[in-house]
Amino acid sequence: MWLTEILNEKKRQAESIKSKYKLLKKNKILWVIVMDNKEILSDLLKWLSVLPIDLIVLSKEEFWQYNSMVYMDNIADNTLFWVDFIVCDNCMWKLWDYLKKWIVPIVSKNNYLNNILNEFNPVKSEWNAFFYEEDNVWSIFYAIIRYLENHKFPYDNRNLVKNVIDIYY
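(A) Here's a closer look at the overall build of the chain. On a plain count of helices and strands, the chain comes out with 6 helices and 6 strands. Its C-alpha radius of gyration of 15 Å places the chain within 12% of the 15 Å reference for a compact globule of 169 residues. Split into buried and exposed, the 169 residues of the chain put 53% on the buried side. Nonlocal contacts in the chain, meaning residues at least 24 apart in sequence, comprise 52% of its contacts between residues at least 6 apart. Counting every atom, the chain has about 8900 Å² of accessible surface; 53% of that belongs to carbon and sulfur. The chain carries 21 positive and 22 negative side-chain charges, and their two centres are separated by 7 Å.

(B) Region of interest: the layout of surface pockets. Empty space within the largest pocket amounts to approximately 530 Å³. If you go around the largest pocket, you meet 21 residues; those closest to its centre are Leu-7, Lys-11, Asp-84, His-151 and Asn-157. Counting residues per element, the ones that place at least two in the lining of the largest pocket are α1 (3-20), α5 (137-151) and α6 (154-168). At 8 residues, α1 tops the list of elements feeding residues into the lining of the largest pocket.

(C) Geometry of the pairing of strand β3 (residues 69-72). Here β3 shows two buried faces, one formed by Met-69 and Tyr-71 and the other by Val-70 and Met-72. As paired strands, strand β2 (residues 53-58) and β3 are joined by 4 bridges and run parallel to one another. Each residue of the ladder has a partner; that of Val-57, found in β3, is Tyr-71.

(D) Region of interest: the environment of Tyr-98. Among the structural elements, Tyr-98 can be located in helix α4 (residues 95-100). Put simply, Tyr-98 and Val-50 are 48 residues apart on the chain and 26 Å apart in space, counted from C-alpha to C-alpha.

(E) Expanded view of a nonpolar patch on the surface. A cluster of nonpolar side chains, Trp-96, Tyr-112, Tyr-168 and Tyr-169, forms an exposed patch at the surface whose accessible area comes to about 460 Å². Judged by its relative accessible area of 36%, Tyr-168 is partly exposed.

(F) Region of the structure containing the environment of Thr-79. Structurally, Thr-79 is set in helix α3 (residues 77-80). With a relative accessible area of 9%, Thr-79 lands in the buried category. Once the C-alpha coordinates of Thr-79 and Ala-14 are considered, the two residues, 65 residues apart in sequence, prove to be 8.3 Å apart.

(G) Summary view of the packing of aromatic side chains. Throughout the structure, instances matching the rule amount to 6 aromatic pairs. Each ring, one from Trp-47 and one from Phe-141, has its centre 5.4 Å from the other, and the planes form 90 degrees; the classification is edge-to-face. Note that Trp-47 is positioned in helix α2 (residues 38-48) and Phe-141 in helix α5, a separation of 94 residues in sequence. Classification of Phe-141 by relative accessible area gives buried; the value is 18%. Judged by centre distance (4.3 Å) and plane angle (40 degrees), the rings of Phe-85 and Tyr-147 are tilted. Linking Phe-85 in strand β4 (residues 85-88) with Tyr-147 in helix α5, this pair joins segments that are 62 residues apart in sequence. For Tyr-147, a relative accessible area of 1% corresponds to the buried category. Counting every residue linked through ring pairs, the aromatic cluster contains Trp-31, Phe-85, Phe-120, Phe-130 and Tyr-147.

Reading the values: rules and limits
- Residues numbered from 1 in each chain as written.
- Predicted model: local features only at pLDDT ≥ 70, side-chain atom pairs only at ≥ 80, totals over all residues.
- Heavy atoms only, no water.
- Helix = DSSP H or I, 4+ residues; strand = E, 2+ residues; numbered from the N terminus.
- Rg over C-alpha atoms; globule rule 2.2 N^0.38 Å.
- Buried < 20%, exposed > 50% of the residue type's maximum accessible area, 1.4 Å probe, protein only.
- Contact = heavy atoms within 4.5 Å.
- Areas by Shrake-Rupley, 256 points an atom, 1.4 Å probe, with all protein chains shown as cover.
- Lys, Arg positive; Asp, Glu negative; His and termini not counted.
- Charge placed at Lys NZ, Arg CZ, Asp CG, Glu CD.
- 1 Å grid on protein atoms, 1.4 Å probe; cavity = no way out; pocket = protein on both sides within 12 Å on 5 of 7 lines; lining within 4 Å.
- Points joined across faces, edges and corners; volume = space filled by probe spheres on them.
- Pairing = 2+ DSSP bridges.
- Patch = residues over 30% accessible without salt bridge, like charges linked within 9 Å, V, L, I, M, F, W, Y side chains within 5 Å.
- Salt bridge = Lys/Arg side-chain N within 4 Å of Asp/Glu carboxyl O.
- Phe/Tyr/Trp six-rings, centres within 6.5 Å; stacked < 30°, edge-to-face > 60°.

In structure tokens:
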């Protein structure tokens, strides 16, 4: 599949997922958050409720609810393949699986794949991830905002996704 086809299919499938889970269709971004630290997750979800995003939270507990969020115990691979990005903390052991599905990771700077992941630089169109420096709400939220700002520019987002795809192929 060529990059343009991949991006178009991601968009099309994301719309289907949004319909299935009754998420807001006006939001352009579909993503997943997986965090072991429930305290940070709870606080972060409150902050995220103001952003124009559709969110799948992988958690058995429900912390905060708003109309563009759905909770799941797990997510099928065919659904995961169509999300734009993933935020994770200690579940980084699955990071390689997420990269194989061409999902942009937002992870701790101290992850086990730090030899192949680097902070995306839109000026040079280099690298393939967004990092947060510390395991706290502020740092994670800041990384998410940096990704969302990048996503507004189709050329930059296209290069970011291409760089993620290039890791695996």
